[in-house]
Amino acid sequence: MDQDQRGLSPQTSKSSSHQNQVSRSKEFQLDFFIQKKFISEDLKSILEEAQQKYQIKSIHINYKNQIPELDGVAFTIDDSGENKMNAKCDAALYIIQLLQERCKQQINIILLIPEGIVSFLIGSKGSQLAKIIEETNAKITVNQPIVNYSPRTVKILGDQSTINCAIRAITKKMQERGISSEDYKKVPETLNPQKVNVKTKLIFQSSVIDYIMKNKNEIENKYEVQIKAKESNEIKLTQKCKLKREDKIIQLQGSLSNVQDALSSLIRRVSEHLKKQELEIKIVMPASYASKLIGAKGCQIRELATKSKGAQIKVLSDKDETDHDYYCIVQIAGNLQNKQDASKLILQQIECFKNGGPIMDSGKFLNEDNQNQTSQQSNNYEDYKIKRQKSSSQSERNSRSRSQSRRKHKHQRKRSIERRSASSSYSKRRERANVLSTKLIISNEVMHILERYNKLREYKERFNVDTQVEDSRRNSESYLRLKGKLKDCLIVIEEILNEQQKILRK
């Protein structure tokens, strides 16, 4: 199995060489959690009946796997004998069937899997899990980890046959890899800002970038970060996030906490440097995180705005969240403190997404009533399917209108060429009318001042006006020829008159 199929673990993990040395077993226990509303009073007798029917060594209530702050019961089906996996699955499905008959409603199951196998089950960009969902037609959600709770919860929704297929498909996939004792020991770790190394990209106007690069040594030494100017072609931004001509990209690299402090300092320094001019904060973020940062109905972004005491946060993205090659922009506005607080929170949230998402405080979010109000990592294939259908229908509409648009563009190009040819002669006449060539008669004293202080060269550089001194007309006066745009020549004449006024005052 190559690395792409295994996927990337959302938490820190051992090296692949270490994992290959650990022995993995194809026979492992199955752990489940049933919510209280689906449990009947004779649960223990149901477990015993399933144990006897399928000759399983042990089916028991496991209090160690009780999900924090979620009412329900966890049970384990365990038998280390050879080729007992099918029997364990059959026993689990029999228990679910009896519970569904007792409560007379469609139930959902929470499968508990070791933390160490989560990345393999999800696969690269969710490919493994998406395949299982497509094959079984079940709604499967690999939830966010819970603090101080080692198993990962996998919620399965559907009718009885769908749940049966989903459990068998997941256990089969887990058997392909096998499970080791290390997988059970692995515990999700919270994001440590001091240990996580980040590369944060920001967009500023070129004048701001120039100011930062001039003072970068002081920032780098104080906060132990590296500051680099980046080329705009190094990242692919969405159409909505196209850079302006004066925009440039800068990168801050270091530990998350150091980058947060360095960015806060830069925001303060640049704001003081710009004085009255408003500083725009634009953070570059993968486009796939856009919907996660916004949250359901904007709940996540509103929470960030509240924590930063009223910052205005806007996510600029127009690509589908499954597009992992593009980047979008998070724009922050407000007063100085708002910008500093919001920038810190957003940088932490982005790194949190990169490392698998937040770790939940309790299992309350698994309750069906509260599920829509929480931020969790949902790998629901139905949402992905709907988005894919929308994009395909959009492409069909585009292809239908392609021939019409081609004819339209051809006609427009023809008209624009005609307009250009008609207006070219007019523009040339207009340019000639705007050019001024004239002679000035000025005193030798003024000419001496202009030549002494290199004023003529200055006029050439500043106003792009050609100046040429000719032979003296009289002993006390000189010719000065000017050639350039009318507006620029008038400014130069005004400058020369000012110099003459200074001499007259003296």
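Rules of the game
- Residues numbered from 1 in each chain as written.
- Predicted model: local features only at pLDDT ≥ 70, side-chain atom pairs only at ≥ 80, totals over all residues.
- Heavy atoms only, no water.
- Helix = DSSP H or I, 4+ residues; strand = E, 2+ residues; numbered from the N terminus.
- Buried < 20%, exposed > 50% of the residue type's maximum accessible area, 1.4 Å probe, protein only.
- Contact = heavy atoms within 4.5 Å.
- Areas by Shrake-Rupley, 256 points an atom, 1.4 Å probe, with all protein chains shown as cover.
- Pairing = 2+ DSSP bridges.
- Axes fitted to C-alpha atoms, helices over the stretch in contact; angles between N-to-C directions.
- pLDDT = per-residue confidence, 0-100.
- 1 Å grid on protein atoms, 1.4 Å probe; cavity = no way out; pocket = protein on both sides within 12 Å on 5 of 7 lines; lining within 4 Å.
- Points joined across faces, edges and corners; volume = space filled by probe spheres on them.
- Nonpolar A, V, L, I, M, F, W, Y, C, P; charged D, E, K, R; others polar.
- Parallel < 35°, antiparallel > 145°, perpendicular 65-115°, else oblique.
- Left-handed = near helix turned anticlockwise from the far one by under 90°.
- Core = buried A, V, L, I, M, F, W, Y, C linked by side-chain atoms within 4.5 Å.
- Arc of directions from axis to C-beta.
- Salt bridge = Lys/Arg side-chain N within 4 Å of Asp/Glu carboxyl O.

Naming follows an unreviewed UniProt entry, where the protein chain appears as K Homology domain-containing protein of Paramecium primaurelia.

Draft legend 1. The overall build of the protein chain, seen in detail. In terms of regular secondary structure, the protein chain is built from 19 helices and 15 strands. Counting all 506 residues of the protein chain, 43% fall into the buried class. Put simply, of all contacts in the protein chain between residues at least 6 apart along the chain, 76% involve residues at least 24 apart. Working note: accessible area of the protein chain is about 29,300 Å², and carbon and sulfur atoms make up 44% of it.

Draft legend 2. Layout of the sheet that holds strand β13 (residues 435-443). Taken in spatial order, the three strands of this open sheet run β13-β15-β14, and their pairing is antiparallel. On the outer flanks of this sheet lie β13 and β14 (466-469), each paired with one strand and no other. Geometrically, the sheet is characterised by an average inter-axis angle of 20 degrees between neighbouring strands, direction not taken into account. Of the pairings in the sheet, the one linking β14 to strand β15 (residues 477-485) comprises four bridges and is antiparallel in character.

Draft legend 3. Just the sheet that holds strand β7 (residues 197-205), in detail. Strand order across the open sheet formed by six strands is β8-β9-β7-β10-β12-β11, with antiparallel pairing between neighbours. The outermost strands of the open sheet, each flanked by one partner alone, are β8 (226-230) and β11 (312-316). On average, each strand axis in the sheet is tilted by 30 degrees relative to the strand beside it, whichever way the strands run. Packing against the sheet, helix α14 (residues 336-354) makes contact with β7, β10 (281-286), β11 and β12 (327-333), and its axis sits at approximately 5 degrees to β10.

Draft legend 4. Just the confidence of the model for the protein chain, in detail. Model confidence for the protein chain is summarised by a mean pLDDT of 79, while 80% of its residues fall at 70 or above. In the predicted structure, residues 1-20 sits below a pLDDT of 50 and forms 37 contacts with residues beyond four places in sequence or in another chain.

Draft legend 5. Just unusual backbone geometry, in detail. The phi torsion at Glu224 lies on the positive side, around 55 degrees, for a residue other than glycine. Looking at Glu224, the relative accessible area reads 60%, which means it is exposed. The backbone of Asn464 sits at a positive phi, close to 60 degrees, despite the residue not being glycine. Within the secondary structure layout, Asn464 lies in the loop between α18 (455-463) and β14.

Draft legend 6. Structural context of the side chain of Gln251. The residue Gln251 is located in strand β9 (residues 247-255) in this model. In contact with Gln251, not counting residues within four places along its chain, are Lys199, Thr200, Lys201, Gln226, Ile227, Lys228 and Lys230.

Draft legend 7. Here's a closer look at empty space enclosed by the protein. Taken as a whole and assessed by the stated rule, the structure comprises one cavity of 30 Å³ or more. Counted as a void, the largest cavity has a volume near 50 Å³. Around the largest cavity sit Phe28, Gln29, Leu30, Asp31, Leu111, Leu112, Ile113, Pro114, Met174, Ile179 and Tyr184, which together line it. Listed by contribution, the elements that provide at least two residues to the lining of the largest cavity are β1 (30-35) and β4 (109-113). Residues belonging to the lining of the largest cavity are distributed by class as follows: nine nonpolar, one polar and one charged.

Draft legend 8. Geometry of the packing of helix α11 (residues 256-274) against α14. The N-to-C vectors of α11 and α14 enclose an angle of 155 degrees; their axes lie 10 Å apart at closest approach. Taken together, the axes of α11 and α14 are roughly antiparallel relative to one another. As α11 packs across α14, the resulting crossing turns out to be right-handed. Of the residues in α14, those in contact with Leu256, Val259, Gln260, Asp261, Leu263, Ser264, Ile267, Arg268 and Ser271 of α11 are Leu336, Lys339, Gln340, Ser343, Lys344, Leu347, Gln348 and Glu351. Class assignment for the residues of the contact of α11 with α14 results in six nonpolar, six polar and five charged.

Draft legend 9. Region of interest: the nonpolar core. Phe204, Leu252, Ile283, Met285 and Ile313 are the most contacted members of the largest nonpolar core, which totals 51 residues. With eight residues, the single largest contributor to this core is α11. Counting 49 residues, the second largest nonpolar core, distinct from the first, contains Ile46, Ala91, Ile163 and Ile167.

Draft legend 10. Just helix α17 (residues 444-452), in detail. Val446, Met447 and Leu450 are the residues of α17 that are buried. Buried residues along α17 cover an arc of 100 degrees about the axis, so they all sit on one side. Of the residues in α17, the exposed ones pointing more than 90 degrees away from the buried face are Glu445 and Arg452. Buried residues in α17 make contact with β13, α18, β14, β15 and α19 (486-505).

Draft legend 11. Layout of the pattern of salt bridges. The full count for this structure, using the stated rule, is 19 salt bridges. With its nearest N and O atoms 2.7 Å apart, the salt bridge here joins Glu218 to Arg269. On the criterion of sequence distance, the pair formed by Glu218 in helix α10 (residues 216-223) and Arg269 in helix α11 is long-range, its members being 51 residues apart. A relative accessible area of 16% means that Arg269 is categorised as buried. When salt bridges with common partners are traced through the structure, they connect Lys455, Glu458, Arg462, Glu499 and Lys502 into a single cluster.

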